[in-house]
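The primary structure of each chain is shown beneath.
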Amino acid sequence: TSNSYHSISKEEYATLELRLNQINDYFTSKGFDEVWLVVAPNPARILQTEGKTPNRLFDFLTNSKSLQLKFINLVPILSTQAAQHFFRSDSHWNQQGAALYREVINQELIHLK
């Protein structure tokens, strides 16, 4: 998809899922125990500055029953006090946003033990 508001068809979701499962299969065949996917949501998606309804990509990846790799959805945590997690001058996370990302990943890693 090109952005958070680009409409995604059922066929595109199916193709995406197929390709992600192929990526998962490749890396697990090379000896990796798990493959994780994190899609960094842009601030327009989190702050909802466009006045549009975002596509369902994050929901799809979170709720798919046949997606083999682990999807880590950052939308919920970045949406909490959203304006504090991005630089005002560009579309990157600030230090607080990066710290939240690190915290989420660290929690996932702790569960692997």
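Because the structure is a prediction, the values reported are computed rather than measured.

> I tried to follow the packing of aromatic side chains on my own but got confused; where do I start?
The geometry of an aromatic ring pair comes down to the distance between the two centres and the angle between the two planes. Tallied over the full model, the rule gives five aromatic pairs. Ring centres of Tyr26 and Phe27 lie 5.0 Å apart, and the angle between their planes is 85°; this geometry places the pair in the edge-to-face category. With relative accessibility at 45%, the residue Tyr26 sits in the partly exposed group. Among the aromatic residues, those joined into a cluster by ring pairs are Tyr26, Phe27 and Phe32. Taking NZ or CZ as reference, Lys70 lies 5.6 Å from the ring centre of Trp36, over its face.

> Can you help me understand the side chain of Asn94 in this one?
Mapped onto the secondary structure, Asn94 falls in the loop between α4 (75-79) and α5 (95-112). Since its relative accessible area comes to 11%, Asn94 is described here as buried. Polar side-chain contacts of Asn94 include one of 2.8 Å to the backbone oxygen of Gln84. Discounting residues that sit within four places of it in the chain, Asn94 has contacts with Gln84, His85, Phe86 and Phe87.

> Could you clarify how one ought to interpret a nonpolar patch on the surface in this entry?
A contiguous nonpolar surface patch, about 390 Å² in accessible area, is contributed by Ile23, Tyr26, Phe27 and Phe32. Locating Phe32 in the fold gives a position in the loop between α1 (10-29) and β1 (36-38).

> Would you explain the pattern of salt bridges in this entry?
Opposite charge on two side chains lets them pair, provided their charged atoms get close. Within this structure, the stated rule accounts for two salt bridges. One salt bridge connects Arg56 with Asp59, and the closest N-O pair in it is separated by 2.9 Å. Classification of Arg56 as exposed rests on a relative accessible area of 55%. For Asp59, a relative accessible area of 27% gives the class partly exposed. Close ionic contact of Glu108 with Lys70 constitutes a salt bridge, the shortest N to O distance being 2.5 Å. Placement of Glu108 in helix α5 and of Lys70 in strand β2 (residues 70-72) is noted, with a sequence separation of 38 residues between them.

> Before we go on, may I ask you to explain unusual backbone geometry in this structure?
Phi is mostly negative for residues that are not glycine, and the peptide bonds are mostly trans. The phi torsion at Gln81 lies on the positive side, around 55°, for a residue other than glycine. Relative to the elements of secondary structure, Gln81 occurs in the loop between α4 and α5. The exposure class assigned to Gln81 is exposed, which follows from its relative accessible area of 54%.

> Where do I start with α5 in this structure?
Three- or four-residue spacings in an α-helix give side chains the same orientation, since the helix completes a turn every 3.6 residues. Relative to the 26 Å expected for 18 residues at 1.5 Å per residue, α5 spans 26 Å between its end C-alpha atoms, a close match to the ideal helical length. Among all positions of α5, only Gly97, Leu100, Val104, Ile105 and Glu108 are buried. Looking down the long axis of α5, one finds its buried residues gathered within 125° of arc, a one-sided arrangement. Across from the buried face of α5, at angles greater than 90 degrees, the exposed residues are Gln95 and Arg102.

Rules and cut-offs
- Residues numbered from 1 in each chain as written.
- Predicted model: local features only at pLDDT ≥ 70, side-chain atom pairs only at ≥ 80, totals over all residues.
- Heavy atoms only, no water.
- Phe/Tyr/Trp six-rings, centres within 6.5 Å; stacked < 30°, edge-to-face > 60°.
- Buried < 20%, exposed > 50% of the residue type's maximum accessible area, 1.4 Å probe, protein only.
- Lys NZ or Arg CZ within 6 Å of the ring centre and 35° of its normal.
- Helix = DSSP H or I, 4+ residues; strand = E, 2+ residues; numbered from the N terminus.
- Polar contact = N/O pair within 3.5 Å; in protein donor to acceptor, adjacent residues only side chain to side chain.
- Contact = heavy atoms within 4.5 Å.
- Patch = residues over 30% accessible without salt bridge, like charges linked within 9 Å, V, L, I, M, F, W, Y side chains within 5 Å.
- Areas by Shrake-Rupley, 256 points an atom, 1.4 Å probe, with all protein chains shown as cover.
- Salt bridge = Lys/Arg side-chain N within 4 Å of Asp/Glu carboxyl O.
- Expected span 1.5 Å × (residues − 1).
- Arc of directions from axis to C-beta.

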